[in-house]
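Coordinate inspection notes
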Amino acid sequence: MIEVTFPDGAKREFPDDATPLSIAESISKSLAKRTVLARVNGELRDAKRPLGGDATLELLSFSDPEALEVARHDAAHVLAQAVQELFPGTQVTIGPVIEDGFFYDFARKEPFSTDDFERIEAKMREIVDRDLPIEREVWAKEKAISHFKTIGEDYKAQIIDDVIPPGEPITLYNHGGEWSDLCRGPHLPSTGRLPKAFKLMKLAGAYWRGDHRNEMLQRIYGTAWLNEADLKAHLTRLEEAEKRDHRRLGRQMDLFHMQEEGKGMVFWHQKGLTLWRTIEAYVRRRLDAAGYVEVRTPQVLDRKFWEQSGHWEKYRENMFVAETAEDETLSLKPMNCPGHVQIFKFGQKSYRDLPLRMAEFGACHRYEPSGSLHGLMRVRAFTQDDAHIFCREDQIEDETAAFIELAASIHADFGLERDHISLGTRPELRAGSEAFWDRAEAQMLNAARKAGVEPVIAEGDGAFYAPKLDFQLKDAIGRTWTCGTIQLDYVLPERLDAEYVGEDGAKHRPVMLHRAILGSLERFIGVLIENYAGAFPMWLSPVQVVVASISEATEAYAEEAADVLRKAGLRVETDLRGEKINYKIREHSLAKIPVIAVVGAKEAEDRKLALRRFGSSDQTIIGLEEGAALLALEARPPDIARAQDAAASTAAAAAG
RNA sequence: GCCGCGUUAGCUCAGCUGGUAGAGCACCGCAUUCGUAAUGCGGGGGUCAGGUGUUCAAGUCACCUACGCGGCACCA
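The text that follows walks through the structure, step by step, so that each part is easy to find. (Residues numbered from 1 in each chain as written. Chains lettered and ligands numbered in written order. Predicted model: local features only at pLDDT ≥ 70, side-chain atom pairs only at ≥ 80, totals over all residues. Heavy atoms only, no water.)

Here we take up the overall build of chain A. Regarding its fold elements, chain A presents 21 helices and 33 strands. If one aligns the C-alpha atoms of chain A with their principal axes, the spans along those axes are about 85 × 75 × 65 Å. Split into buried and exposed, the 656 residues of chain A put 50% on the buried side. A separation threshold of at least 6 residues defines the contact pool for chain A, and within that pool the share at least 24 residues apart is 67%. (Helix = DSSP H or I, 4+ residues; strand = E, 2+ residues; numbered from the N terminus. Buried < 20%, exposed > 50% of the residue type's maximum accessible area, 1.4 Å probe, protein only. Contact = heavy atoms within 4.5 Å.)

Now the structure itself:
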């Protein structure tokens, strides 16, 4: 007999061959029916796998999140079986669980088509209906390898050979003797337990073991849920996300466009550029206030320059290069840092000049692989809100901590919540000694802690020359975006021979901190569009107020009202068309204009505005001048609002 | 860059197994002057991404190219 301890602390004895499922059965039939998985001594196990000794046991049902994960894994297996039944000769490789679903990579000469999905899904449902018992088998390594080789599953044989560490048991999961797959498990007791709320989503190429030198496999993605309602909710979420796609909104809202002659390049329309200017002006104020100096460096520089900075050697294939009629080779700048070092080196710098925070809204060009381009999120021409902080080594932590606080405040002003900050540590390919990395990583970690942040370690994610901190932000629908980074650099000052004179009168090497808060303006605007689904807060909105006239009779007053609003600093458009007011309201509401000011005979007579705000059907009647002042107050950028409010309260205190 | 899928009016899309293009919205014109999410009527607009081929005949079939989309790889 073995002794089993339950979550409530109760202990009971069961036969030696007891399994979680048999134990569930001995307790109650309904419990057995619910049990799909077990946690044995803290480890997830098949419900049908014998405990094998005294153990703590927790029986899991589909109400436990772990069970959904396992169901998704089963869906991947059922997919693999279905595909192999329908397309004999297809080899299976790997099929893991991912967020919201699963995928399986297959090796097959002929391409799959999304038209096959319906058949495959039908076959998957059929396999579920067959309710095949899923059995775990433990195999000897050599036997397993030769088994997979014999049945033509070379990839599986390779996994056992290369990937599974020696000593770890080789387990196969068998679907009722019909089909089996190498798998770590655990799995559901039978295929019949898999909820049919799954759907195949997309087809994609994927390199074997993620290496582009290897052959390309065909990956089928699916989503799987516990019930139809959850599946439907997920599909609805995807539709909603599509509606806020910045590429779609960018076109609808007339913000920007891209065209084939300029792959990865943006044509900013008036409204998009208004957003841009608003953001740039805001960031510039914040940088001015934080003790940065702003500079601008050349767009195109001679090859010799890039050779010296090391970019020609390391970054050549990502640079746009031009030949001149005078046989010079020039390159568009992919980064601003070498340029900033030149300004640093112009004249002599003293330790008194440090830290020197040099900022540039730097337009950079990088030749990115065509397949990686994606709307505003990944482009070939972009403007970074870049800056380099030249400082002494003992200033790194304070500067980094101050930067974290500045970035956090700016991100918050844009309505983006921080998910976490990651610390990218030494990558496999790196420059510098272990001692250097130990020190540099500790500096970044301490700086983050100084700013009250515990970073999440991203092992091996650092730059090749130093560690970095990345800001992971969360948008309105929970997606995370990397915006903002700070990277330590001892290498570039050395390469480009930057120096300052220290207190001791001798020359010293400064350290550089590369940092950006938004990343690139392009990408950040993309993130903002998706975060707000195009409904920007007043201060960002390209058009803040539309003055809509009710009839021709109020045209003159509408113009006058718009003028007053403009003089108050608002971005205003008028709509004087001979359309009905309903039509105008609908149109400007769909355009997500923050405020519609309706003016009819009544308003014209009393010199008033009827204000209607986005997302509400209420209207407020207010005097024209009063309304202009109120809206101008609402339209203040957050930093200006804070400064004015603080000044006002100081004045009030002084007066009171 | 690699794999798959797409490309039809300004936008969103329809066009069956080949028989010389269609809707809604937008746009333009006319009428309407209207009180908080679509006024009516009329009109213009397409080398069906580009090219080559098969065919009596190609938006439709085949191949090539470009671009886009979804992934993969890349993002010092």
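Don't stop here, the text continues.
Let us look at the sheet that holds strand E4 (residues 43-46). Strand order across the open sheet formed by five strands is E2-E1-E5-E3-E4, with mixed pairing between neighbours. Here the strands that pair on one side only, and so sit at the sheet edges, are strand E2 (11-14) and E4. Strand-to-strand, the axes of this sheet are offset by a mean angle of 40°, without reference to chain direction. The sheet contact formed by strand E1 (residues 2-5) and E2 spans four bridges and is antiparallel. Within the sheet, the bridge partner assigned to Glu3 lies in E2 and is Glu13. Its contacts with the sheet put helix H3 (residues 65-86) on strand E3 (37-40), E4 and strand E5 (55-60), and the angle it makes with E3 is roughly 120°. (Pairing = 2+ DSSP bridges. Axes fitted to C-alpha atoms, helices over the stretch in contact; angles between N-to-C directions.)

Moving on, we come to the packing of aromatic side chains. For the structure on display, the rule yields 20 aromatic pairs. Within the aromatic cluster, the residues linked to one another by ring pairs are Phe87, Tyr104, Phe106 and Phe112. Sitting above the plane of the Trp139 ring, Lys143 keeps its charged end 4.5 Å from the centroid. Over the aromatic face of Tyr221 sits the side chain of Lys202, whose NZ or CZ is 5.6 Å from the ring centroid. (Phe/Tyr/Trp six-rings, centres within 6.5 Å; stacked < 30°, edge-to-face > 60°. Lys NZ or Arg CZ within 6 Å of the ring centre and 35° of its normal.)

This paragraph deals with the side chain of Thr90. Among the secondary structure elements, Thr90 is positioned in the loop between H3 and strand E6 (91-92). Within the structure, the side chain of Thr90 is placed 2.7 Å from the backbone oxygen of Phe87, a separation counted as a polar contact. Excluding its chain neighbours within four sequence positions, the residues that come into contact with Thr90 are Val83, Gln84, Phe106, Ala107, Arg108, Phe112 and Glu153. (Polar contact = N/O pair within 3.5 Å; in protein donor to acceptor, adjacent residues only side chain to side chain.)

Right, let's get into the protein's contact with RNA strand B. Near RNA strand B, the surroundings consist of 48 residues, among which Tyr315, Met335, Ser370, Phe464 and Arg586 are the closest. Counting only atoms of RNA strand B within 4 Å of the protein, the fraction found in sugar and phosphate groups is 49%. At 2.8 Å from a base oxygen of RNA strand B is found a side-chain nitrogen or oxygen belonging to Arg378. Here Arg612 contributes a side-chain N or O atom positioned 2.8 Å from a sugar or linking oxygen of RNA strand B. If you list the elements that add at least two residues to the surface near RNA strand B, you get strand E12 (198-207), strand E13 (216-224), helix H8 (246-252), helix H11 (311-315), helix H18 (581-590), helix H19 (601-606) and strand E32 (608-613). (Near = heavy atom within 4 Å.)

Here we take up the packing of helix H13 (residues 396-413) against helix H14 (residues 434-450). Orientation of H13 relative to H14, taken along the N-to-C sense of each, is 50°, at an axis distance of 8 Å. When the interaxial angle is binned, H13 and H14 end up oblique. Crossing of H13 over H14 shows right-handed handedness. Across the interface between the two elements, Ile396, Glu397, Asp398, Thr400, Ala401, Ile404 and Glu405 of H13 pack against Gln443, Met444, Asn446, Ala447, Ala448 and Lys450 of H14. (Parallel < 35°, antiparallel > 145°, perpendicular 65-115°, else oblique. Left-handed = near helix turned anticlockwise from the far one by under 90°.)

Here we come to the packing of helix H17 (residues 555-567) against helix H20 (residues 624-634). In contact at an axis separation of 9 Å, H17 and H20 are set at 40° when each is read in the N-to-C sense. When the interaxial angle is binned, H17 and H20 end up oblique. Remark: the crossing between H17 and H20 carries right-handed chirality. Judged by residue contacts, Tyr557, Ala561, Val564 and Leu565 of H17 engage Leu624, Glu625, Ala628 and Leu631 from H20. Here the residues of the contact of H17 with H20 sort into seven nonpolar, no polar and one charged. (Nonpolar A, V, L, I, M, F, W, Y, C, P; charged D, E, K, R; others polar.)

Our focus in this paragraph is the environment of Arg380. The residue Arg380 is located in the loop between strand E20 (356-365) and strand E21 (381-391) in this model. Assessed through its relative accessible area of 6%, Arg380 is described here as buried. Sequence spacing of Arg380 and His365 is 15 residues, and the spatial spacing of their C-alpha atoms is 5.5 Å. Once you skip the residues sitting within four places of it in the chain, Arg380 turns out to touch Lys263, Gly264, Met265, Phe320, Cys364, His365, Arg366, Tyr367, Glu368, Pro369, Ser370 and Leu373.

A word on helix H21 (residues 638-655). Counted at 1.5 Å a residue, the expected span for H21 with its 18 residues is 26 Å, and the 25 Å between its end C-alpha atoms agrees. Restricting attention to buried positions, one finds in H21 the residues Pro638, Asp639 and Ala641. For H21, the arc enclosing every buried residue in end-on projection is 160°, short of the 170-degree limit, so these residues lie on one face. Exposed side chains of H21 directed beyond 90 degrees from the buried face belong to Thr650, Ala654 and Ala655. Among the structural elements, helix H9 (270-289) and H13 are those in contact with the buried residues of H21. (Expected span 1.5 Å × (residues − 1). Arc of directions from axis to C-beta.)

Glancing now at the pairing of E21. Every other side chain in a regular strand lies on the same face of the sheet, so the side chains alternate between the two faces. Counting buried residues in E21 gives 11 out of 11 residues, a clear majority hidden from the surface. Of the two faces of E21, the one lined by Ala381, Thr383, Asp385, Ala387, Ile389 and Cys391 and the one lined by Phe382, Gln384, Asp386, His388 and Phe390 are each fully buried. Where E20 lies against E21, 10 bridges are found, and the strand directions are antiparallel. Each bridged residue has a counterpart across the sheet, and for Leu356 the counterpart in E21 is Phe390. Of the strand pairs in this sheet, E21 and strand E28 (residues 511-520) are connected by seven bridges, and their pairing is antiparallel. Within E28, the residue paired with Cys391 across the bridge is Val511.

Pairing within the open sheet is mixed, and its five strands lie in the order E30-E29-E31-E32-E33. Edge positions in the sheet fall to strand E30 (572-575) and strand E33 (620-623), since each has one partner strand and no second. This sheet shows a mean twist of 30° between the axes of neighbouring strands, independent of strand direction. Bridge count for strand E31 (residues 595-599) against E32 is four bridges, and the pairing is antiparallel.

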